Structure formats: structure tokens, C-alpha cells
Amino acid sequence: MSAHSAQQRDEYLNLAIQLAVHNVSDGGGPFGAVVVTADGTVHEGVNRVTRDHDPTAHAEVVAIRRAAAASKRFDLTGSVLYASCEPCPLCLSATLWARIGHVYFAADRHGAAKAGFDDAVFYEYFAGTRPELLPVEHAELAASNEPFDAWRNHARRTAY
């Protein structure tokens, strides 16, 4: 299931927006998301960062987790993600790892910034212009590749 019709797109985006608005009234963040898997099943997610004390519990990630758990598949090829707001770098990375084929979003990062959710600095970091935000260093050890050796030598591994 690649792109949906404009009517389906708008229906799922409106659902994501409604989820976000309802989540605010429940004390959560103003973000909602929907993953529609290839079989047409709808999986909803809302921002649960403050509720779960989990900085990774963004609406898109929650929806992806639910879709993967329900389908018993970590590869969501053929799925579409609908988000109430432009996905941040965390959510885009999760979407890539899930192999979701298309993303639609309603509000953009500028609207989120005006509401106090400014992730511009993360985009700057990944663009390489703000490396001081998070120093990341390679420290190779003699045992560094042992986990990969174990993986390659494990006969019953699940490739992904």
C-alpha cells in the first residue's frame, strides 16, 4: 500500500489530529499518529513521553510499535504513516527502520516550534553544523566486533 487517495489521506490525517487533540485533554503531548499496514489495519499512537517517562514514546513511535506488535512483524513494508505533525528525526529514523513506505503529516516543524516543540537544533546536529550538542566518539576495543562474529555464527538468527 503506497500512497492513498487524497480522501483517504485526509481521513487518516484528521484521525491523527483528533488523537493529538484528545491526548492534550488527557494530559499528554499534542501529537497523534496512525500507521495503516498493508492489509488496511489501522494502528493508533499518541505522544506518551510525559505519561510514560519515556523520551522515545513519540506518537509515531508508539503507532509503529503497536503496528509491529499486532502484525507480529518488525518489517512494516507496504505501510503508510500519518502524523498530526511533521515527524522529528527520531520518528523518521523509526519509520525508516520499520521500512514504512510513505509518510504524510499535517502541521509542520514550524508550527510545532511556535507551540514550544522546537527540534530545529536536532536537524542542525544531523546536518553536521552543531556537533557540540552531543559528542560521539569511536573507541575501538579488541572485542569490538565480537557481537557481530557471534551474530554471523548463529545459525538460527533472524535477519533484518
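Residues numbered from 1 in each chain as written. Predicted model: local features only at pLDDT ≥ 70, side-chain atom pairs only at ≥ 80, totals over all residues. Heavy atoms only, no water.

(A) Geometry of a nonpolar patch on the surface. A contiguous nonpolar surface patch, about 560 Å² in accessible area, is contributed by Phe74, Trp97, Trp151 and Tyr160. Relative to the assigned elements, phenylalanine 74 resides in the loop between helix H3 (59–71) and strand E3 (80–85). (Patch = residues over 30% accessible without salt bridge, like charges linked within 9 Å, V, L, I, M, F, W, Y side chains within 5 Å. Areas by Shrake-Rupley, 256 points an atom, 1.4 Å probe, with all protein chains shown as cover. Salt bridge = Lys/Arg side-chain N within 4 Å of Asp/Glu carboxyl O. Helix = DSSP H or I, 4+ residues; strand = E, 2+ residues; numbered from the N terminus.)

(B) Structural view of the pattern of salt bridges. Taken as a whole and assessed by the stated rule, the structure comprises seven salt bridges. Two residues, aspartate 52 and arginine 48, come together in a salt bridge whose shortest N-O distance is 2.9 Å. Aspartate 52 gets classed as partly exposed once you look at its relative accessible area, which sits at 35%. Since its relative accessible area comes to 21%, arginine 48 is described here as partly exposed. Between arginine 109 and glutamate 86 there is a salt bridge, with its nearest N and O atoms 2.8 Å apart. In this pair, arginine 109 is assigned in helix H5 (residues 109–114) and glutamate 86 in the loop between E3 and helix H4 (89–97), connecting sequence segments 23 residues apart. In this structure, a network of salt bridges that share partners links the residues Glu124, Arg130 and Glu132. (Buried < 20%, exposed > 50% of the residue type's maximum accessible area, 1.4 Å probe, protein only.)

(C) Examining the sheet that holds strand E2 (residues 42–46) more closely. As summarised here, the arrangement of the four strands in space is E2-E1-E3-E4, forming an open sheet in which the pairing is mixed. Both outer strands of the open sheet, E2 and strand E4 (102–107), are each paired with one neighbouring strand and no more. Across this sheet, the average inter-strand angle for adjacent strands is 15°, counted without regard to direction. Relative to E2, strand E1 (residues 32–36) runs antiparallel, the two being bridged by five bridges. Its bridge partner being in E2, valine 34 is matched across the sheet by glutamate 44. Here helix H1 (residues 6–25) sits on the sheet and contacts E1, E2, E3 and E4; the angle it forms with E1, its principal contact strand, is near 140°. (Pairing = 2+ DSSP bridges. Axes fitted to C-alpha atoms, helices over the stretch in contact; angles between N-to-C directions. Contact = heavy atoms within 4.5 Å.)

(D) Focus on the UniProt feature "domain: CMP/dCMP-type deaminase" (unreviewed entry) in the protein chain. In the numbering adopted here, UniProt assigns the feature "domain: CMP/dCMP-type deaminase" (unreviewed entry) to residues 7–120. Between the end C-alpha atoms of residues 7–120 the distance is 31 Å, and the span holds 46% helix and 19% strand. (UniProt positions renumbered as here; feature names shortened; annotations may be inferred.)

(E) Highlighting the packing of aromatic side chains. Using the criterion set out here, one finds six aromatic pairs in the structure. Relative to tyrosine 104, the ring of tyrosine 82 lies with its centre 5.4 Å away and its plane at 15°, an arrangement referred to as stacked. Of this pair, tyrosine 82 sits in strand E3 while tyrosine 104 sits in strand E4, placing them 22 residues apart in sequence. One aromatic cluster is present, formed by Tyr12, Tyr82 and Tyr104 through successive ring pairs. In this structure, arginine 109 is placed above the aromatic ring of tyrosine 123, and the distance from its NZ or CZ to the ring centre is 3.7 Å. (Phe/Tyr/Trp six-rings, centres within 6.5 Å; stacked < 30°, edge-to-face > 60°. Lys NZ or Arg CZ within 6 Å of the ring centre and 35° of its normal.)

(F) Just the environment of valine 21, in detail. Turning to its location among the elements, valine 21 is positioned in helix H1. On the basis of relative accessible area, valine 21 is assigned to the exposed category, the value being 54%. In this structure the C-alpha to C-alpha distance between valine 21 and valine 46, which are 25 residues apart in sequence, comes to 9.7 Å.

(G) Region of the structure containing the side chain of serine 84. On the secondary structure map, serine 84 appears in strand E3. Sequence-distant contacts of serine 84, that is, excluding residues within four places in its chain, are made with Ala16, Ile17, Ala20, Pro30, Phe31, Gly32, Ala106 and Ala107.

(H) Representation of H4. Those residues of H4 that fall on the buried side of the exposure criterion are Pro89, Cys91, Ala94 and Thr95. In this structure, the buried residues of H4 make contact with H3, E3, E4 and helix H6 (120–127). With its phi angle positive at about 65°, arginine 99 sits one or two positions after the end of H4.

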